[in-house]
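Here is how the chains run, residue by residue.
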Amino acid sequence: MMPELGHYALVLALALGIVQAVAPLLGALQRDTALMRLGTSTAVMQFVFVGASFAALTVCYVTSDFSVVNVFENSHSAMPLIYKFTSVWGNHEGSMLLWVLILAMFGASVAAFGGNLPATLKANVLAVQSWIACTFYLFILLTSNPFLRVAQPPFEGRDLNPILQDIGLAVHPPLLYLGYVGFSISFSFAIAALIEGRIDAAWARWVRPWTLAAWMFLTVGIAMGSYWAYYELGWGGYWFWDPVENASLMPWIAGTALLHSAVVMEKRNALKIWTVLLAILAFSLSLIGTFLVRSGVLTSVHTFASDPSRGVFILMILIFFIGGGLALFAWRAPLLKQGGLFSPVSREGALVFNNLFLTTACLTVFVGTLYPLALEAVTGEKISVGAPFFNLTFGPLFIPLLLAMPFGPLLAWKRGDILGVAQRLMAAFAIGLVAIAVSFALMGVSSVLAPFGIGLAFYVMAGSLVDLVERSGLFRMPFATVRARTAGLPRSVWGTAVAHFGMAVTLLGIVCATTWGEERIVALKQGQSVSLSGYELSFDGMTQRTGPNFRELAAKFTARSGGVAIGVMEPSKRSFSARNSSTSEAALLTRGFSQLYLSLGDVNEDGSVAVRLYHKPLVLLIWLGSLVMALGGALSLSDRRLRVGAPKPAKKSVSKPSTLQPAE
Amino acid sequence: MRIAAVLALLATLLLPQSGFAVTPDEILKDPVLEQRARVLSQELRCMVCQNQSIDDSDAPLAKDLRMLVRERLVKGDSDKQVLDYLVSRYGAFVLLKPPLEISTLLLWGLPPLALLAGIVTLLAMARRRKAVVLDTPALSSDEQRRMRKLAE
């Protein structure tokens, strides 16, 4: 019964979606308030029905209803409860259902909180949002139905892929999708603006909170995915330039560019056409990511050709939205008027600089990811594009970006004084130089690039704080004044500083972990020990253990630093009988921001066991920095002018025309 | 994120296995040669895996290739000779950083070209805007007099 209800709810959501795709649009065209308002209620009800559908699938999983093919293939009755929940999206069909659930959630949020939007804009946004939703409902219903049943239900399921039986599956995909799908709102706003042929600074202010929210989720989602891969895959890598990773990185870069160009549009009414284009591109890249991951095209072009139903369907969705969006853009964008003028050296100029390099970086990832596929499809020639390519091409683009980062927020709008700003950044330059000198002194001249990376990171960290320090009067004024001024600073100023600071923290983590990380690969017998980077690990012995749906062989190690025991590390190998597969669970020992990382290899005939031990200095900064970046986004999101439903000071609401009200 | 790759590949047999790439028995006695082998391994693709280098992969083929790289290094090959040898045997597919050829011209050329085009466009736009500002006719003497009056 439950699967049928879930299936039915999804069909009803599609029906509502079709109404929402047409009615508000007609309403906006004919200025029919009733038709326009229809979008609001259908959006909320779509969310309710997709939610019901998702809940139904969840119930099937939690109750281990193996008559549902999807549950049979991806679950096991002995699995811990949390993995029964998470395996709902640990497979193609379920993850698409999560995708549309989040899409419907964003649509309902615009409907619920978009009270301040002009009626026609809101109606058009909801209609466009529903076009996207409808195509994906159809995709699920026609090619990826998670509610299919078998006539003879098996007694036991095939279990979830052991690599996915981890808390990471609970965190990473939902966050990632919140980011990916969140950009659909920016897209819908852009398309709605093009349909109306009118766009102004207020539009940028309405789009900004949605873009910021999506960007934050995507930032944390990517970071959590990276940390998950780091501890789960057993060789301590955190970024592999895998096409699937690139698929999430591209919307992130485009979204970052969009956030910055939307600032120019909001404050100075300039870069309008570009901002609209970026909004279209950010979501297009999300769609391309979905296509890459979901169509099987990555495995090889041939697998894609042999079972094309899903891939071709998503490809059609892609062509419709990206092609349609860009065509509409080409047709309507000339209607949009040019905004305010600015000199190349100005805050606007700095943000254009940011956009130029971010867009190029995004294009580099795009070309590197899709080139092998395109080349194979066209000429049949097979090439590989991997980490060495991206490190060489993508890395250098971030150097000018990072160098310019502290300058941007300090430059004045319209016409800036670059020498003046350089003077204000003197302290930051000095800190950067000291960091370079100290790194050289400590580490010698063996690696030349690393000290410069560290110097760059410290310069950006210090430079990000200059604006805060100057505006709060720190070091210049009495403490009470500083406190009052600090509290009075706009949250968006904090947001900028914190997000930029976070970027530098991530950079510091990457440079340190890559340059000074050490590794030992040895075979050890019980009682023997291995030392690395001043730590000593002794192998105390092996034990067999039984988990809920696996057996594991765990090795016990005692870690010592300077002869003092600092902890026990227990890496293990788990074997899952249902799938007849095994995973290697690394053991991590955290010291400050650094980690010792130990993973287990094969057990040899002589009783020795192969181990791989890493010391990863400051590695945690990589993910911590990403969290700080997202925190910056959150601070910016809480800025008074964007805050949802914030009370507006009376004098401001009188002095401003109604079109400049914050978004709700 | 590699996990997402697993998600994508659930239906296929090419599951990237978590685990253990370089094993203790492979490691060369000479630390300098071993270091070179590791660096080379990161440039070479495990051809039965999804975009994994042979340094990261625990597939049997990756192990064979790692042994092969070490064998050649011990025989005194230079890094380039090792790579050339592998390319002659397996084709350019084995290199994770494709060489610059006619077929990869766009791959290497597009990003710098795009950056260049962006810079040129921006400069042209800045110049055009400047021209617009300069072209704006100056105030006539009558207008200037009126403005001074207003300013007073």
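Only a predicted model underlies this, so the values are computations on that prediction, with no experimental measurement involved.

Participant: Help me out: how do you make sense of the overall build of chain A in this one?
Facilitator: When you go through chain A residue by residue, the secondary structure sums to 22 helices and 10 strands. For chain A, the C-alpha radius of gyration of 27 Å lies close to 26 Å, the compact-globule estimate for 664 residues. The principal-axis extents of the C-alpha atoms in chain A amount to approximately 80 × 75 × 55 Å. Looking at chain A residue by residue over its 664 residues, the buried ones come to 54%. Here the analysis covers contacts within chain A between residues at least 6 apart in sequence; of these, 74% occur between residues at least 24 apart.

Participant: Teacher, can you tell me more about the overall build of chain B here?
Facilitator: Within chain B, the secondary structure is distributed over six helices and zero strands. The linear arrangement of helices and strands in chain B, starting from the amino end, is α-α-α-α-α-α. Burial status across chain B gives 33% buried among its 152 residues.

Participant: Can you walk me through the pairing of strand β3 (residues 535-546) of chain A in this structure?
Facilitator: For a regular strand, the rule is simple: side chains alternate between the two faces of the sheet. Residue and element names in this part refer to chain A. Pairing geometry for strand β2 (residues 529-532) and β3, over four bridges, is antiparallel. Paired with Val530 across the two strands is Leu537, which belongs to β3. Here β2 folds back onto β3, and the loop between the two strands holds two residues, one of which, Ser533, carries a positive phi near 50°. Where β3 meets strand β4 (residues 551-561), 11 bridges bridge the pair, whose relative direction is antiparallel. What sits directly across from Gln544, in β4, is Leu553. Connecting the antiparallel pair β3 and β4 is a turn made up of four residues.

Participant: Got a minute to help me understand the packing of helix α6 (residues 119-143) of chain A against helix α7 (residues 168-196) of chain A in this structure?
Facilitator: When two helices pack together, you describe them by how their axes are tilted relative to each other and by the distance separating the axes. All names here are of chain A. Across the interface, α6 lies against α7 with an axial gap of 8 Å and an inter-helix angle of 125°. By the angle class used here, α6 and α7 are oblique. Judged by the twist between their axes, the crossing of α6 over α7 is right-handed. Contacts between α6 and α7 involve Thr120, Leu121, Asn124, Val125, Val128, Gln129 and Ile132 from the former and Ser184, Ser188, Phe189, Ile191, Ala192, Ile195 and Glu196 from the latter. Considered class by class, the residues forming the contact of α6 with α7 number eight nonpolar, five polar and one charged.

Participant: Got a minute to help me understand the nonpolar core in this structure?
Facilitator: Generally speaking, soluble globular proteins have nonpolar side chains that are buried together. Residues and elements named next belong to chain A. One finds Val100, Leu103, Phe189, Ala254, Ala279, Ala457 and Leu508 to be the most contacted residues of the largest nonpolar core, which totals 212 residues. The element best represented in this core is helix α8 (residues 201-232), accounting for 20 residues. Beyond its immediate chain neighbours, meaning those up to four positions away, Leu103 contacts Ile132, Ala133, Phe136, Val181 and Ser184. Formed by 17 residues, the second largest nonpolar core is a distinct cluster that contains Leu524, Ala587, Tyr597 and Val611.

Participant: For this particular structure, what's the right way to read the interface of chain B and chain A?
Facilitator: A common way to state how big an interface is: give the accessible area lost once the parts meet. Opposite the 44 residues of chain B that make contact, chain A presents 61 residues. When contributions to the side of chain B that touches chain A are tallied by element, the ones reaching two or more residues are α1 (2-8), α2 (31-43) and α5 (105-135) of chain B. When grouped by side-chain class, the residues that make up the side of chain B that touches chain A number 28 nonpolar, 10 polar and six charged.

Participant: Whenever I open this one, the packing of α8 of chain A against helix α21 (residues 620-637) of chain A confuses me. Can you help?
Facilitator: Residues and elements named next belong to chain A. Closest axis-to-axis distance for the α8/α21 pair is 9 Å, and the angle between their directions is 165°. With respect to α21, the axis of α8 lies roughly antiparallel. Of the two elements, α8 crosses α21, and the hand of that crossing is left-handed. Counting all contacts with α8, which are made through Pro209, Leu212, Ala213, Trp215, Met216, Thr219, Val220, Ala223, Ser226 and Tyr227, the residues of α21 involved are Trp623, Ser626, Leu627, Met629, Ala630, Gly633, Ala634, Ser636 and Leu637. Partitioning the contact of α8 with α21 into residue classes produces 14 nonpolar, five polar and no charged.

Participant: Hey, could you run me through the domain arrangement of chain A in this one?
Facilitator: Domain annotation of chain A identifies domain 1 (1-165), domain 2 (170-413), domain 3 (425-516 + 624-631) and domain 4 (518-616). Between the C-alpha centres of domain 3 of chain A and domain 4 of chain A there is a distance of 36 Å.

Participant: Help me understand unusual backbone geometry, please; the structure alone is not making it clear to me.
Facilitator: A negative phi angle characterises most non-glycine residues, just as the trans form characterises most peptide bonds. Residue and element names in this part refer to chain A. Not every positive phi belongs to a glycine, and Asn269 is a case in point at roughly 60°. Mapped onto the elements of the fold, Asn269 is located in the loop between α9 (243-268) and α10 (272-294). You will see that Lys414, though not glycine, has its phi angle at about 70°, which is positive. Tracing the backbone shows Lys414 in the loop between α15 (407-410) and α16 (418-424). Residue class for Lys414 comes out partly exposed when judged on the 15 C-beta atoms lying within 10 Å of it.

Participant: It is not clear to me how helix α13 (residues 347-379) of chain A should be interpreted in this structure. Could you clarify?
Facilitator: An α-helix turns once per 3.6 residues; consequently, residues spaced three or four apart project the same way. All names here are of chain A. Spanning 33 residues, α13 covers 46 Å between terminal C-alpha atoms, matching the ideal 48 Å at 1.5 Å per step. Helix geometry: α13 is bent most strongly at Leu370, by close to 40°, with proline Pro372 lying one to four residues after it. The element α13 is extensively covered by neighbouring structure, given that 26 of its 33 residues are classed as buried. Trailing α13 by a residue or two, Gly380 shows a phi angle of about 85°, which is positive.

Participant: Explain the pairing of strand β5 (residues 564-569) of chain A to me, please; I cannot follow it from the model alone.
Facilitator: All names here are of chain A. Where β4 and β5 come together, five bridges link them in antiparallel fashion. By the bridge assignment, Ser561 is partnered in β5 with Val564. Count of turn residues in the β4/β5 antiparallel hairpin: two residues, of which Gly562 carries a positive phi of about 60°.

Participant: What am I meant to see in the sheet that holds strand β8 (residues 587-591) of chain A here?
Facilitator: Two orientations exist for strands paired in a sheet by backbone hydrogen bonds: parallel and antiparallel. All names here are of chain A. Spatially, four strands are ordered β1-β10-β9-β8 in an open sheet, and the strand pairing comes out antiparallel. Strands at the two margins of the open sheet, each flanked by one partner only, are β1 (518-524) and β8. The mean angle between the axes of side-by-side strands here comes to 15°, regardless of whether they run parallel or antiparallel. As paired strands, β8 and strand β9 (residues 594-603) are joined by five bridges and run antiparallel to one another. Across the sheet, the residue bridging to Arg591 is Ser594, located in β9.

Participant: Please clarify how the environment of Trp131 of chain A should be interpreted in this entry.
Facilitator: All names here are of chain A. Topologically, Trp131 is positioned in helix α6. Of the residues examined, Trp131 has 21 C-beta atoms within 10 Å and is grouped as buried. It is 24 Å that separates the C-alpha atoms of Trp131 and Ala202, two residues lying 71 residues apart in sequence.

Participant: Any chance you could explain the environment of Met569 of chain A here in plain terms?
Facilitator: Residue and element names in this part refer to chain A. Tracing the chain through its elements places Met569 in strand β5. Residue Met569 is classed as buried on the basis of its C-beta count, with 20 C-beta atoms lying within 10 Å. When the C-alpha atoms of Met569 and Pro153 are compared, they prove to be 43 Å apart, with 416 residues separating the residues in sequence. With sequence-adjacent residues up to four places away left out, Met569 is seen in contact with Leu537, Phe557, Ala559, Ala587, Leu589 and Leu598.

Participant: Looking at this structure, how should I read the environment of Ala634 of chain A?
Facilitator: For Ala634 of chain A, the location among the structural elements is in helix α21. Residue Ala634 of chain A is classed as partly exposed on the basis of its C-beta count, with 16 C-beta atoms lying within 10 Å.

Participant: Mind showing me how you'd approach the confidence of the model for chain A here?
Facilitator: Interpretation of the predicted coordinates at a detailed level should be avoided for regions scoring low in pLDDT. Residues and elements named next belong to chain A. Scored by pLDDT, chain A comes out at a mean of 89, with 95% of its residues at no less than 70. The element-level mean pLDDT for chain A is lowest in helix α22 (residues 650-655), coming to 42, with α21 highest at 96. Residue range residues 644-664 is modelled with pLDDT below 50. Its contacts to residues more than four positions away, or to other chains, number 23 contacts.

Participant: Can you walk me through α10 of chain A in this structure?
Facilitator: Residue and element names in this part refer to chain A. Look at α10: 33 Å from first C-alpha to last across 23 residues, which is about the 33 Å you get at 1.5 Å a residue. Of all 23 residues in α10, 20 are buried; the element is thus mostly enclosed. Trailing α10 by a residue or two, Gly296 shows a phi angle of about 80°, which is positive.

Here is what the cut-offs are and how they apply
- As a convention, each chain's residues are numbered from 1 in the sequence order in which they are written.
- A letter from A marks each chain and a number from 1 marks each ligand, given out in the order of writing.
- Totals for whole chains, interfaces and linings use every residue, but because this is a predicted model, local features are given only for residues with pLDDT of at least 70 and side-chain atom pairs only at 80 or more, for both listing and counting.
- Secondary structure elements follow DSSP: runs of H or I of four or more residues count as helices, runs of E of two or more count as strands, with numbering from the N terminus.
- Radius of gyration here is computed from C-alpha atoms only, and the compact-globule reference equals 2.2 Å multiplied by the residue count raised to the power 0.38.
- Counting other C-beta atoms within 10 Å of each residue's C-beta, where C-beta atoms are placed from the backbone, gives the exposure class: buried for 20 or more, exposed for 12 or fewer, partly exposed between.
- Note on contacts: residues are paired as contacts if their backbone-placed C-beta atoms lie within 7 Å.
- Here the rule is simple: two strands pair whenever DSSP picks up at least two bridges between them.
- Under this scheme, a helix contributes an axis fitted over its contacting stretch, all axes are lines through C-alpha atoms, and angles between N-to-C directions fall in the 0 to 180 degree range.
- Each angle gets one of four labels, with under 35 degrees taken as roughly parallel, over 145 as roughly antiparallel, 65 to 115 as roughly perpendicular, and the rest as oblique.
- Should the near helix be turned anticlockwise from the far one by less than a right angle, the crossing is left-handed, and should it be turned clockwise, the crossing is right-handed.
- Residue polarity is assigned by list, with Asp, Glu, Lys and Arg as charged and Ala, Val, Leu, Ile, Met, Phe, Trp, Tyr, Cys and Pro as nonpolar; anything else, Gly included, falls into the polar class.
- Note on definitions: a nonpolar core is a set of buried residues drawn from Ala, Val, Leu, Ile, Met, Phe, Trp, Tyr and Cys, linked by C-beta atoms within 7 Å.
- Domain boundaries shown here were taken from an automatic or database domain assignment.
- Under the convention used throughout, the expected extent of a helix is 1.5 Å for every residue step, that is, one less than its residue count.
- Across the chain, bend at a residue is computed as the angle between axes fitted to the seven residues ending at that point and the seven starting from it.
- One number per residue, pLDDT, summarises how confident the predictor is, and it ranges from 0 to 100.

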